Amino acid sequence: QVTLVESGGGLVQPGGSLRLSCAASGSIFSNNVMGWYRQAPGKERELVAVITSGGITNYADSVKGRFTVSRDNAKNTVYLEMNSLKPEDTAVYYCNYRVIGVFPGYWGQGTQVTVSS
């Protein structure tokens, strides 16, 4: 069992920045993937950015160049630095942990990000 605790969401103006954090605890395997998905009202949950325990990253095209995913393996924590935020980035952001090759893994409770003037 793995528990994920997210923090860092909130309200920000267009063009602003936010940083999300997600700490994992429990039965953590060393060979894993952690990252972020989001779900806007009326839409399906979609990948934002993920990073493997070895540092390999994958980003949605819509956030490339604006968002950066990183992690601290010693703390089992993943971060999402979001810059140049747009109204279309508004969504509930969910942290995900999974062992590489095993789906769907575990989800955090979600944190709301709202980009609005």
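Right, let's walk through the structure included here. (Residues numbered from 1 in each chain as written. Predicted model: local features only at pLDDT ≥ 70, side-chain atom pairs only at ≥ 80, totals over all residues. Heavy atoms only, no water.)

### Focus: the overall build of the chain
Each helix and strand in the chain was counted, giving 0 helices and 11 strands. N-terminal to C-terminal, the α/β element order of the chain is β-β-β-β-β-β-β-β-β-β-β. Taken against the 2.2 N^0.38 rule, which gives 13 Å for 117 residues, the C-alpha radius of gyration of the chain at 13 Å falls within 12% of a compact globule. Projected onto the principal axes, the alpha-carbon positions of the chain cover approximately 40 × 25 × 20 Å. Classification of the 117 residues of the chain by burial places 43% in the buried group. Surface summary for the chain: the accessible area is close to 6100 Å², and the carbon and sulfur share equals 51%. When the 10 basic and 8 acidic side-chain charges of the chain are each reduced to a single mean position, those positions are 3 Å apart. (Helix = DSSP H or I, 4+ residues; strand = E, 2+ residues; numbered from the N terminus. Rg over C-alpha atoms; globule rule 2.2 N^0.38 Å. Buried < 20%, exposed > 50% of the residue type's maximum accessible area, 1.4 Å probe, protein only. Areas by Shrake-Rupley, 256 points an atom, 1.4 Å probe, with all protein chains shown as cover. Lys, Arg positive; Asp, Glu negative; His and termini not counted. Charge placed at Lys NZ, Arg CZ, Asp CG, Glu CD.)

### A word on the nonpolar core
Trp36, Leu80, Met82 and Tyr93 are the most contacted members of the largest nonpolar core, which totals 28 residues. Among all residues touching tyrosine 93, those that are not within four sequence positions of it are Glu6, Leu20, Trp36, Tyr37, Arg38, Val48, Phe67, Leu80, Met82, Gly110, Thr111 and Val113. (Core = buried A, V, L, I, M, F, W, Y, C linked by side-chain atoms within 4.5 Å. Contact = heavy atoms within 4.5 Å.)

### Section: the state of the cysteines
Enumeration according to the criterion identifies 1 disulfide in this entry. Two residues, cysteine 22 and cysteine 95, share a disulfide whose sulfurs are 2.0 Å apart. Between cysteine 22 and cysteine 95, the S-S dihedral sits near -85 degrees, and the bridge is therefore left-handed. Here cysteine 22 is found in strand 3 (residues 18-26), whereas its partner cysteine 95 is found in strand 9 (residues 91-99), with 73 residues between them in sequence. (Disulfide = S-S within 2.5 Å.)

### Describing the packing of aromatic side chains
This model, assessed by the stated rule, comprises 3 aromatic pairs. Between tyrosine 37 and tryptophan 107, the aromatic rings sit 5.1 Å apart at their centres with planes inclined by 75 degrees, giving edge-to-face as the arrangement. One end of the pair, tyrosine 37, is in strand 4 (residues 32-39); the other, tryptophan 107, is in strand 10 (residues 106-107), and 70 residues separate them in sequence. Residue classification places tyrosine 37 among the buried residues on the basis of a relative accessible area of 18%. Aromatic side chains tyrosine 94 and tryptophan 107 sit 6.5 Å apart centroid to centroid with 90 degrees between the ring planes, which places their arrangement in the edge-to-face category. Residue tyrosine 94 is found in strand 9, and its partner tryptophan 107 is found in strand 10; the two are separated by 13 residues along the sequence. Taken together, the ring pairs connect Tyr37, Tyr94 and Trp107 into an aromatic cluster. The aromatic ring of tyrosine 79 is capped on one face by arginine 19, whose charged end is 4.2 Å from the ring centroid. Directly above the ring of tryptophan 107 sits arginine 45, whose terminal nitrogen or CZ lies 4.5 Å from the centroid. (Phe/Tyr/Trp six-rings, centres within 6.5 Å; stacked < 30°, edge-to-face > 60°. Lys NZ or Arg CZ within 6 Å of the ring centre and 35° of its normal.)

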